[in-house]
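In case you want the letters, here they are:
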Amino acid sequence: MPRDRSLRAVVTKLPPAAAWPAAAAVAALLWGVVSTQAVCQGAEPAASASPADNQFYEQQVQPLLKQHCLRCHGEGKKIEGGLRLTSRSSVLRGGDSGPAVDLDKPMSSRLVEAINYRDLEMPPKDKLPPDKIAVLTRWVELKIPFPPGGPEDEPAPPPKKKSPQVDEQNRNFWSFRHVVRPPVPQVKGAAWVRNPIDAFILSRLEQVGLEPAPAASKQVLIRRATYDLWGLPPSPEEVAAYTADDRPDAYERLVDRLLASPHYGERWGRHWLDLVRYADTNSYERDSAKPYSWGYRDYVIRSLNEDKPYDRFVREQLAGDELPGAGNEGLIATGFYRLGIWDDEPGDAEQARYDELDDIVGTVGQVFLGLTVNCARCHDHKLDPIPQRDYYRMLAFFGGITRYGTRKGGVEEASLRPLKTDAQGHNQAEVAAYRARFAKVNDRIKQIEALAQPDFDSVEKDEFKIDLNHQRLIQKRVPRLVSQTLYDEYLQLMDTREDLRNSEPPAMQKALCVTEVGRTARDTFILLRGSPKAPLAKVEPGFLSIVEPSSPTIPPAPAGVNTTGRRSMLANWIAGAENPLTARVMANRVWQYHFGRGLVRSPNNFGLQGTAPTHSELLDYLATELVAGGWRLKSLHRTIMLSSAYRMSSAANAAGLARDHDNDLFWRFDMRRLEGEEIRDSILAINGTLNLKMGGPGVYPIIPKAVLAGQSVPGAGWHSSSPADRNRRSIYVHQKRSLPLPLVESFDAADADGTCPVRFASTQPTQALSMLNSEMMFEEAGTLAAFVETHAGPELRDRVAMALRRAMQREPVPKEIDRGVRLIEEFIARHQLTPHEALRRYCLIVYSLDEFVYLD
Amino acid sequence: MSHPPTGSFCGRTRREFLWQAGAGFTGLAMLGLLDKDGFFASQAVAADGKTPFGNPLAPHTPHLVPQAKSVIFLYMYGGPSQIDTFDYKPALVGKEGKTIEVKTRGRQGARNKGRIVEPRWKFHQYGQSGQWVSDLFPNLATCVDDIAFIKSMTADSPIHGSAMLQMNTGKIVSGSPCLGSWVNYGLGSLNQDLPGFVVMLDPRGGPISGAKNWQSGYMPATFQATLMRTRGEPILDLAPPAGISRPMQREMLDTLAQYNSEHLALRSDNTNLEARIASYELAYRMQSAAPEATDLGQESADTLEMYGINQPKSRVFGRQCLLARRLVERGVRFVQLYSGGAHNDDNWDAHSDMESNHNLHAGETDLPVAGLIKDLKQRGLLDSTLLVWGGEFGRQPTAEYAKGSGRDHNASGFTMWMAGGGIRGGQSIGATDELGNIAVEDRYHVKHLHATILHKLGIDPNRLSYLHSGLDQKLVGVEHVEPIQKLI
């Protein structure tokens, strides 16, 4: 067991006196039976103490204990770490993790260790002066004499409040029970029931005498469904076509059309990326980029668009590298393990390793199983029947994983693998051609830059280290050192180079993926209070015992595979149809993203303290539907979206508000504010500039200088994309942990440092400031003005109407158009604005409409 | 539910229900959040369907009687050296260059011996209380009777990235809300026309990890800091684009309000829509309130002088300190100023040459900080404003390299100080060993500092919690933490 005294910080993070750090002897003790062992120790017969010893205790030891120790270890109400120092037996019995004094090896006793600040530091506040340490040491040497008449057989302090146990009662908790398809309830209003979902919803409404809201209008529905499945507004043409479509199955056709589009994967992929804490950088000081992280993002989008069965999707992400036949796709999927934050310069390397593993255990537990397994890192889960042992058994599945990398270059070795390609020779030629082309462009760029470089002052030399500054520094020297013609060429070349960077031939691309240390994993131990310095019992991989009591036998990985095979076992258990949590958790998420809230409102917590499902039978119905449908999400989407429940209006009525204000029973459809990415994408879609190109490396929209100034090296890690690329959908924007896109961030983007199961929808004045005043918005408003000038003809009324129509996706009423016309005309007349500039200001308002950012 | 909570430790169902309710975060859910009963009561109020916009930053009633209303955190980024500033170590004097056995831990890892670099400045005692201050701070030295020095600070990491996160968020792992976020979450803001949490950066650059040092982590963006500048536009996107005058913008907002009110009329039960309409008016008011707050032209020549604004070296930090005073005067809860930015000697990270580095940074800040204390005092604001001074860690008594006077990082013992907000000045608590290397007496951790700051503001650090990832997260961690008793 490591005993690096200089790394004391970790141990001092333990609660004062909460527990003795485990010495090697304790490592053999199983967690949970420590107290039994300790009682045996306490049975040690008292040594007969001489009068001199007793005097020593009374005159020197007792006052010292009283002054420095007994407040927490004997006299106070609270007994820290279960240790009392008030009697010989209680000292020998010790605390939570073992005896305080070992009579066989008194000088190695934990008490002696602790007062010398070797492992634990006691008293926590200040080290005792040497003379006092000497007194206590002497006392231990004398085998801790206590004078006769003391409380010899003091009872052990009462055990702390029990954590929920792994027992029959808890096994019977709703989320741990097997999923059984519930019978579909009978309802009175059968006419409303389009499929079983409606029966489940309506039966609850009928019980309290509420009626479901009437159906939403066709215009509301197409807007709702398009944002729901695409995260984009329907075009005016699509709205017109749908509202004019009188066929009885027009709505079914709409849903099918939306599901068939690749935009579906972009929208629902975003949900998944929120869950798996996806970002393209590592956070911390350098916040450096994760190479090829975008491969994982594209994998997610592709998988959803292919309607990959969810169980397969889970298996690929957890163990795609071990999955026969999964190929490149399986390898890229395991990028899942590499998405988290990573401190490339940790203060304590061992602690950091466990923090990284905790990130994985926490994400897997919450995302796939809906359980906060992470709460059992330091102690048994206080609210769920998840013993600390289960945390480490789960961690053991990941015991073979190599760390993400090392600061100097180790990422390539640990986390990148080449993709397999078919025709080797052909690919080689392609790669060579690409490299040559890149070198040519790059050399020419350097040549032009070399004309300006000698002119740089020392500040500029530093600035030149950041790519983003190159163009500005060269431009400053046009035409003095660089001719206009050359500069134009330079700009062209910069774009070409960026394009080349973003279009490596497949044979050059790599997978950001998991790797393991070999076919044998490192040992995993339970860690006392989560401290790597205090390992207790060794554990083997095991499932959560509340769900699956038996332990898996792990067959060796197939020949040729350099991993332990452990993750495959976990993946199979999670993705197995018998797992009671997996299908429920995912069905709940699908419902959540359609309806704005889950049937279980705490989608990452299906534990005892999660919120109970508002419709438990409906949830189980959906879970069985998901599995019965081959785990395919698209058929579940279709079932949900074709229900009457999904098609309800969001309008309130007095009865509903009075009986069920929070809409627990789904008597109406809840309104929803667009998410940050949807808002940005819609701004661009509405003014006709959204670039729908899919996939590839992340892009870099312009971030205002004032925001870049918050970086320790302004502009570091933020490149310049071509104007077309800047207008790509938000999911393709390079997601830098320490530099989020301001507009998207202010509208509650997911914080990617951990799993994000539910987006906030906050309202704050900074949002208004950026919508009204930002350079970006003023520019986009100008583009919208130009768009309607081009497409709506010369009449101002038509232009205003088109702007409104595009933003609200409905036909504006005359009053709304009049209002716009009036403002624009007044701006022209009173503020002497050109018609375009006046229209532009109006367009800025259009972007701030509540109806633009809220869906009915 | 058949399983009632087994303790108050890890979670509360109702709260999670609200946080994760489909409509997402609303201001209403925030009111009275600190108090469980109050929390449920406000929920009932919200359920009437008529309750108007509840601003999450509306002031809340604190747990305890607050002594301070606001905090100004003077963040000395990079890690000032304790033994060259306030932690007087006569034992080092005359030992320049001597190699000794000493355990240190910094960016170079753990070492067992090192070459002593003597403190580069002379120390003298000041004030009635006789506090030791080095010649780096001739002006601040005149304020020591208002200052309480904590000379036994410790932190978990001697590496900037994680140590900065710990000083600002309590955790060495990225992703948690900042101290200022917690304060605003707990107390709300006293001025709705200004942000409640303001950060001002050194013009040389931001600190490493950038926005991670002022973001709200797992809390809503409402609680993250707003960056303010003393020159140009004080807040990002505060000023309308060129070509939109204030009257023009007023007309635009009125037109917008007409559209939005019509939209609301059919959806009057949705308080978020109302909140959004209100937020545009709030933004409009901020446009005048923030420039007013940042307009130093209203200050007298004497005041500018006091903050060193007339001197080139102290101009920038002086303006920031003065602006900080103007902000707390207007009810801003938490202001954090960075002395030092970017990398290396652009901040207090003196790895190569102590003298040039600390002369620069102390020279820039000494007069402004002293001015701030005196100015707050003369205006009667010092009692309600808590000042905190310090960096993410301190420095070692020995040299980092074979040559030169630079010192490596040291998280095992360093000095911070507090003043105002009811702090008893003129005292030093805790001590490092005779080398000034390791805190040995009354050792305090960053969490104790945080607990003390919250306590001064009337917040019980052990009760201020936020449910995230299944845990009631706290700034000070899940274990009980005592504020520094000698300071309260």
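For clarity, every value in this text was computed on a predicted model and none was experimentally measured.

(A) Molecular detail of the overall build of chain A. Within chain A, the regular secondary structure consists of 38 helices and 6 strands. Principal-axis analysis of the C-alpha atoms places the extent of chain A at approximately 110 × 85 × 65 Å. Relative to its 856 residues, chain A shows a buried fraction of 53%. For chain A, restricting intrachain contacts to residue pairs at least 6 apart in sequence, the fraction spanning at least 24 positions comes to 70%.

(B) Representation of the overall build of chain B. Broken down by element type, chain B carries 10 helices and 19 strands. When the 488 residues of chain B are sorted by exposure, 61% land in the buried category. Partitioning the intrachain contacts of chain B with sequence separation of at least 6 by distance along the chain shows that 74% fall at a separation of at least 24.

(C) Up close: the packing of helix α36 (residues 814–830) of chain A against helix α37 (residues 835–846) of chain A. Residues and elements named next belong to chain A. Between α36 and α37, whose axes approach to 9 Å, the crossing angle comes to 135°. By the angle between their directions, the pair α36 and α37 is classed as oblique. In this structure, the crossing between α36 and α37 has a hand that is right-handed. Across the interface between the two elements, Gly820, Leu823, Ile824, Phe827 and Ile828 of α36 pack against Pro835, Ala838, Leu839, Arg841 and Tyr842 of α37. Split into classes, the residues belonging to the contact of α36 with α37 amount to 8 nonpolar, 1 polar and 1 charged.

(D) Expanded view of the pairing of strand β11 (residues 394–399) of chain B. Residues and elements named next belong to chain B. Of all 6 residues in β11, 6 are buried; the element is thus mostly enclosed. Where β11 and strand β12 (residues 407–410) come together, 3 bridges link them in antiparallel fashion. Pairing of Ala399 across the sheet is with Arg407, part of β12.

(E) Examining the interface of chain A and chain B more closely. Taken together, the contacts link 91 residues of chain A with 90 residues of chain B. Secondary-structure elements contributing two or more residues to the side of chain A that touches chain B are α17 (349–369), α30 (705–708), α32 (742–746), α33 (765–773), α34 (775–791), α36, α37 and α38 (850–853) of chain A. Residue contributions to the side of chain A that touches chain B peak at 8 residues, all from α33(A). Class assignment of the residues belonging to the side of chain A that touches chain B gives a composition of 35 nonpolar, 28 polar and 28 charged.

(F) Region of the structure containing the confidence of the model for chain A. Per-residue pLDDT for chain A has a mean of 89; in total, 92% of the residues score no lower than 70. Counting interchain partners and residues more than four positions distant, the pLDDT-below-50 stretch residues 1–46 of chain A has 102 contacts.

(G) How the structure looks around helix α29 (residues 676–686) of chain A. Residue and element names in this part refer to chain A. Most of α29 sits inside the fold, with 11 of its 11 residues counted as buried. Those residues of α29 that sit buried are Gly676, Glu677, Glu678, Ile679, Arg680, Asp681, Ser682, Ile683, Leu684, Ala685 and Ile686. In this structure, the buried residues of α29 make contact with α10 (218–230), α13 (263–275), α32, α34, α35 (796–808) and α38.

(H) Quick peek at the pairing of strand β1 (residues 70–76) of chain B. Residues and elements named next belong to chain B. The element β1 is largely enclosed, with a buried count of 7 among its 7 residues. With 6 bridges connecting them, β1 and strand β10 (residues 385–390) associate as parallel partners. Following the sheet pairing, Ile72 is matched in β10 by Leu387. Both β1 and strand β9 (residues 334–339) contribute to a ladder of 6 bridges, which runs parallel. What sits directly across from Ile72, in β9, is Val335.

(I) Fine view of the domain arrangement of chain A. The assigned domain composition of chain A is domain 1 (9–141), domain 2 (309–417 + 514–575), domain 3 (423–498) and domain 4 (773–855). The straight-line distance from the C-alpha centre of domain 2 of chain A to that of domain 3 of chain A is 43 Å.

(J) How the structure looks around the packing of helix α9 (residues 196–208) of chain A against helix α26 (residues 616–628) of chain A. All names here are of chain A. Two elements in contact, α9 and α26, have axes whose closest approach is 9 Å; the angle formed by their N-to-C orientations is 170°. Relative to α26, the element α9 lies roughly antiparallel. On α26, the residues touching Pro196, Ile197 and Phe200 of α9 are Glu617, Leu618 and Tyr621. Residues belonging to the contact of α9 with α26 are distributed by class as follows: 5 nonpolar, no polar and 1 charged.

(K) Quick peek at the nonpolar core. Formed by 313 residues in total, the largest nonpolar core has its most connected members in A:Ala587, A:Leu626, A:Cys843, B:Leu74, B:Val388 and B:Trp417. For this core, the element with the highest residue contribution is helix α6 (residues 271–294) of chain B, accounting for 9 residues. Mapped onto the domain boundaries, this core takes at least three residues apiece from domain 2 (309–417 + 514–575) and domain 4 (773–855) of chain A. Those residues in contact with A:Ala587 that lie beyond four places of it in its chain are A:Leu619, A:Leu622, A:Ala623, A:Leu626 and A:Leu636. Grouped together as the second largest cluster of nonpolar side chains are 21 residues, A:Val112, A:Ile115, A:Val140 and A:Phe146 included.

(L) Molecular detail of unusual backbone geometry. Residues and elements named next belong to chain A. Residue Pro479 is bonded to the preceding Val478 through a cis peptide linkage, with omega at 0°. Looking at where Pro479 falls in the secondary structure, it is placed in the loop between α22 (467–475) and α23 (484–501). Not every positive phi belongs to a glycine, and Phe666 is a case in point at roughly 60°. The topology assignment puts Phe666 in the loop between α28 (654–659) and β5 (672–673).

(M) Quick peek at the environment of A:Gly330. All names here are of chain A. Note that Gly330 resides in helix α16 (residues 327–333). Residue classification places Gly330 among the buried positions, given that 22 C-beta atoms sit within 10 Å. Between the C-alpha atoms of Gly330 and Thr372, which are 42 residues apart in sequence, the distance is 26 Å. For Gly330, the contacting residues outside a window of four places in its chain are Glu316, Gly320, Asp321 and Leu323.

(N) Representation of the environment of B:Pro90 within the structure. You can see B:Pro90 is positioned in the loop between β1 and β2 (99–106). Overall, B:Pro90 belongs to the exposed group, with 10 C-beta atoms counted inside 10 Å.

(O) Structural view of the environment of A:Pro613. All names here are of chain A. Structurally, the position occupied by Pro613 is in the loop between α25 (582–595) and α26. When the C-alpha positions of Pro613 and Asn588 are compared, they lie 9.2 Å apart, and in sequence the two are 25 residues distant. Not counting the four nearest positions on each side in its chain, Pro613 is found in contact with Leu599, Val600 and Leu619.

(P) Fine view of the confidence of the model for chain B. Residues and elements named next belong to chain B. Per-residue pLDDT for chain B averages 88, and the proportion of residues at 70 or more is 89%. Counted against residues more than four places away or in other chains, residues 1–53, with its pLDDT under 50, gives 100 contacts. If you check the scores for this complex, the pTM reads 0.83 and the ipTM reads 0.82.

Reading guide: rules and limits
- Per-chain numbering applies: the sequence of each chain, read as written, is numbered from 1 onward.
- In the order they appear in the text, chains get letters beginning with A and ligands get numbers beginning with 1.
- Residues qualify for local features only when their pLDDT is at least 70, as the model is predicted, and side-chain atom pairs are given and counted only at 80 or more; totals for whole chains, interfaces and linings, by contrast, use all residues.
- Strands are runs of DSSP state E lasting at least 2 residues, helices are runs of H or I lasting at least 4, and numbering of each runs from the N terminus.
- Neighbour density around each residue's C-beta defines its exposure: 20 or more other C-beta atoms within 10 Å make it buried, 12 or fewer make it exposed, and counts between make it partly exposed, where C-beta atoms are placed from the backbone.
- We call two residues in contact whenever the C-beta atoms placed from their backbones are within 7 Å.
- Between the N-to-C directions of two axes lies an angle of 0 to 180 degrees, each axis being a line fitted to C-alpha atoms and, for a helix, fitted only over the stretch in contact.
- Angle categories are assigned with fixed cut-offs, so that under 35 degrees is roughly parallel, over 145 is roughly antiparallel, 65 to 115 is roughly perpendicular, and the rest are oblique.
- Crossing chirality is assigned from the near helix's rotation relative to the far helix, an anticlockwise turn below a right angle marking it left-handed and a clockwise turn marking it right-handed.
- As a working rule, the residues Ala, Val, Leu, Ile, Met, Phe, Trp, Tyr, Cys and Pro are called nonpolar, Asp, Glu, Lys and Arg charged, and the rest polar, with Gly in that last group.
- Any two strands with at least two DSSP-identified bridges between them are counted as paired.
- The pLDDT value expresses, per residue, how confident the predictor is, ranging between 0 and 100.
- An automatic or database domain assignment provides the domain bounds reported here.
- Residues enter a nonpolar core if they are buried, belong to Ala, Val, Leu, Ile, Met, Phe, Trp, Tyr or Cys, and are joined to the set through C-beta atoms within 7 Å.

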